[in-house]
Structures are given as structure tokens and as C-alpha cells.
Amino acid sequence: MTTKSALITGITGQDGAYLAQLLLEKGYRVVGLAPRRSSTDTNLARLEWLGVADKVELMDGDLTDLASLIRCVQFADPDEVYNLGAQSFVKTSWDQPILTGQATGLGAVNMLEALRIAKPNARFYQASTSEMYGLIQEPMQSETTPFYPRSPYAAAKLYAHWMTVNYRESFDMFACSGILFNHESPLRGLEFVTRKVTDGVARIKLGLADELRLGNIDAKRDWGHARDYVKAMWLMLQQDEADDFVIATGRTTTVRDMCRIAFDAAGLEMDKHLVIDPAFFRPAEVDVLLGNAGKAREKLAWEPETSLESMIQEMYKADFERLSTQSK
């Protein structure tokens, strides 16, 4: 039996680490793209946390450098390519809109071009995002809901999304997009609100902080677990035909209620510690996101397995243990 090979951009991120773990469990050879700029070291913390850092092959390469991507494709000779790399923080995209456009938007096209040149029969997955819906045009968003991006990040992702469709239709490439709604885990970066909350609550519980400062806590999001969502990515590339799929739980919750779950997990009263800080409000807010994953349920037989409550409790516990260890 021939071992399948997969190339993952963004392998050191949350989704990349969980996906690498999943593919390794399935017997894949896994090659990861590791951009290097000012540092000689690649941050392997997430891969190490999952116990797979020594099982993946890393190559120097960058989504903004087509030549390096072609070399990576030639080295990996991939059956499947998962483009998870991006400048993926919405707030930063307002401060660095051009970089976001180059890495998040044009970076995806560079990857598609590298495949078209060096391995056109490889199957390609593009990490699209629910942020593309932005100012929502329908109460529940599906694959047919019109997009209305509200940040440079979302606009860059939308360009990458439509270019993926164009390469599929123009060059007969197996190229698909997963329009993933918010998905979190203990591996989420501290700049994202769920992890900011669970880390902040753990700090308060340990006496390392007194308050948690947030912006718009009335925004609503459809939150799932990254571990569940990477399974959907893999399933998309196992289909007979390439297509695009919304991946979501179908449940929307306010940031306020998500915070309450975390404070409850710690046995703390939220109202004594939560502070609203206008400095954290965005220039243009996305008020509500709620995904309809009916197509994924029907065609991929995919279902989310982890509830929001279980996920936040898992994240809080991991942050509490991390911080307890650090403070000793």
C-alpha cells in the first residue's frame, strides 16, 4: 500500500497541528511549510503539545514566495495540499491590510499556481472563513448566502475563496474550500477571544489577575472545536468531486454567554471580574454568525462532536494547568 503524502501550510497553527495529528494517525507522510523571517527557530509548541513534532517534515517556504512553494511541492510530491497558512487575526488586518492581502489572499493563489506548475493532479483545500459573510445577508449562512466582508482579513479570504473556485473551473483542478465558522481549542492563540477568556479566567482563579477586559461581548458566534473541524477538511478531499462546504455547529452564542461558561468552570462570578473596554471594539463589527452545515452533513456525513460547554471547559482546564506549572 502506497503511503499518501500531504503538504500543510500553516502547520504550526492550531488547525495545522490538529490536522497533522489526524493525517499521521491515518498513515500519511506529512510535510509542513515553515516560514522563517527574523527568527531561526520555528514555533513547534502546538505540534509538541499534541506529540507529533518529531513526526512531521518541515520545509522552509513562504506563501508570498512562489519559487519556494514550487520547491516544497516538488519535495513533498503531495496527494493532498491543505492551505491553512494566512495572516489570520482580524484586528491585525486593520493595521497591516497590505500584508494580509499578500499572505492571505495572494498567498493562496501562489499555492494554486505552484500546484498547477508542479503537481496539477494534487487535491487542494483552501481554508475559507465565515468572516466572509460579515454583514450577514441571511439569518443562517450557507454555501449560497451572499458574502459581505467587513475587514481586510475577510476581503483577502474572499479573494482566495473565489480564486479557488476559478482554478477548479478553469484548470479542472480538484480544489475546494471549507467555509469554517469559528473553531477553537486549547491550541488557540491568545489573541483570539475564546482563548483570551479562558486564559484570563485561569489567571483570576490563580490570583495572577483581578479582571478580564473585553470589547463587544454582545457579538454572536457559531463556535466549534478545531479537532472536529479538521476532520471535515480531510473528508472534503476524499470526495469524488471537488466542492465547497460550510462547516459549523448551527448554534450561535454571545461572547457574554461564552464568558459565563468559562467563569462557571472556574467557580467564579463573572460580574465581579469582567470589564468592557472600548479599546477592543473593531472599526466594523460582525454582529452575528450562524452556519448551516446541512450540505456537509448530507454529503460528507460530518457532524460536530464537541459542545461549546465541553470545549470551553477543556480550554480553561488546559490554561489553568499551564499557568499553574509556570507559576511554580
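Scroll up for the structure.
Procedures and definitions
- Residues numbered from 1 in each chain as written.
- Predicted model: local features only at pLDDT ≥ 70, side-chain atom pairs only at ≥ 80, totals over all residues.
- Heavy atoms only, no water.
- Helix = DSSP H or I, 4+ residues; strand = E, 2+ residues; numbered from the N terminus.
- Buried < 20%, exposed > 50% of the residue type's maximum accessible area, 1.4 Å probe, protein only.
- Contact = heavy atoms within 4.5 Å.
- Areas by Shrake-Rupley, 256 points an atom, 1.4 Å probe, with all protein chains shown as cover.
- Lys, Arg positive; Asp, Glu negative; His and termini not counted.
- Charge placed at Lys NZ, Arg CZ, Asp CG, Glu CD.
- Polar contact = N/O pair within 3.5 Å; in protein donor to acceptor, adjacent residues only side chain to side chain.
- Phe/Tyr/Trp six-rings, centres within 6.5 Å; stacked < 30°, edge-to-face > 60°.
- Lys NZ or Arg CZ within 6 Å of the ring centre and 35° of its normal.
- Core = buried A, V, L, I, M, F, W, Y, C linked by side-chain atoms within 4.5 Å.
- Pairing = 2+ DSSP bridges.
- Axes fitted to C-alpha atoms, helices over the stretch in contact; angles between N-to-C directions.

**A look at the overall build of the protein**
- Helix and strand content of the protein: 11 helices and 13 strands.
- Across its three principal directions, the C-alpha atoms of the protein cover 60 × 45 × 40 Å.
- Taking all 328 residues of the protein together, 55% fall into the buried category.
- Here the contacts in the protein between residues at least 6 apart in sequence split such that 82% fall between residues at least 24 apart.
- In the form shown here, the protein has an accessible surface area of approximately 14,400 Å², with 49% of it arising from carbon and sulfur atoms.
- Within the protein, the 45 negative side-chain charges are centred at a point lying 2 Å from the centre of the 36 positive side-chain charges.

**Let's talk about helix 8 (residues 226–236)**
- Counting buried residues in helix 8 gives 9 out of 11 residues, a clear majority hidden from the surface.
- Those residues of helix 8 not exposed but buried are A226, D228, Y229, V230, A232, M233, W234, L235 and M236.

**Concerning the environment of I247**
- With respect to the secondary-structure elements, I247 resides in strand 11 (residues 245–247).
- C-alpha separation for the pair I247 and Y125, spaced 122 residues apart in sequence, amounts to 13 Å.
- Setting aside residues up to four positions removed in sequence, I247 forms contacts with I179, L180, F181, Y229, A232, M236, A293, A296, L300 and W302.

**Points about the side chain of S93**
- Here S93 lies in helix 4 (residues 90–95).
- Polar contacts involving the side chain of S93 include one to the main-chain carbonyl oxygen of V90, which spans 2.6 Å.
- Excluding residues within four positions of it along the chain, S93 makes contact with Q87, T100, S151, P152 and Y153.

**Section: the environment of A202**
- Inspection of the secondary structure puts A202 in helix 7 (residues 193–205).
- Owing to a relative accessible area of 0%, A202 belongs among the buried residues under this scheme.
- Here the alpha-carbon distance between A202 and G291, two residues 89 residues apart in the chain, equals 30 Å.

**Digging into the packing of aromatic side chains**
- Following the criterion strictly, the structure yields 7 aromatic pairs and no others.
- Each ring, one from Y316 and one from F320, has its centre 5.9 Å from the other, and the planes form 45°; the classification is tilted. Placement of the pair is Y316 and F320 together in helix 11 (residues 308–327), with a separation of 4 residues, close to one helical turn.
- The exposure class of Y316 is buried, given its relative accessible area of 7%.
- Each member of the aromatic cluster is reached from another via a ring pair, and the members are Y133, F147, W162 and F181.
- The positively charged end of R29 is found above the aromatic ring belonging to F75, 5.0 Å away from the centroid.
- The aromatic ring of F171 is capped on one face by R116, whose charged end is 4.1 Å from the ring centroid.

**Describing the nonpolar core**
- In terms of nonpolar packing, the biggest core is built from 39 residues, with I8, L19, L23, Y82, Y125, I247 and W302 touching the most fellow members.
- With 8 residues, helix 8 is the largest single contributor of residues to this core.
- Aside from chain neighbours lying at most four places away, what touches L19 is I8, Y82, L84, V230 and M233.
- Core analysis: the second largest hydrophobic core is formed by 25 residues, V197, A202, L308 and L323 among them.

**A few points about unusual backbone geometry**
- Even without glycine at this site, D77 takes up a positive phi of about 45°.
- Of note in the backbone geometry, D172 takes a positive phi value of approximately 55° without being a glycine.

**Some words on the sheet that holds strand 1 (residues 5–9)**
- The parallel open sheet is built from 7 strands, whose spatial order is 3-2-1-4-5-6-11. Each edge of the sheet is formed by a strand with only one pairing partner; in this case those strands are strand 3 (57–60) and strand 11. On average, each strand axis in the sheet is tilted by 25° relative to the strand beside it, whichever way the strands run.
- Each of strand 5 (123–129) and strand 6 (175–180) touches helix 6 (residues 152–171); the most contacted strand, strand 5, lies at about 150° to it.
- In this fold helix 8 packs onto strand 4 (80–83), strand 5, strand 6 and strand 11, with an angle of close to 160° to the strand it touches most, strand 6.

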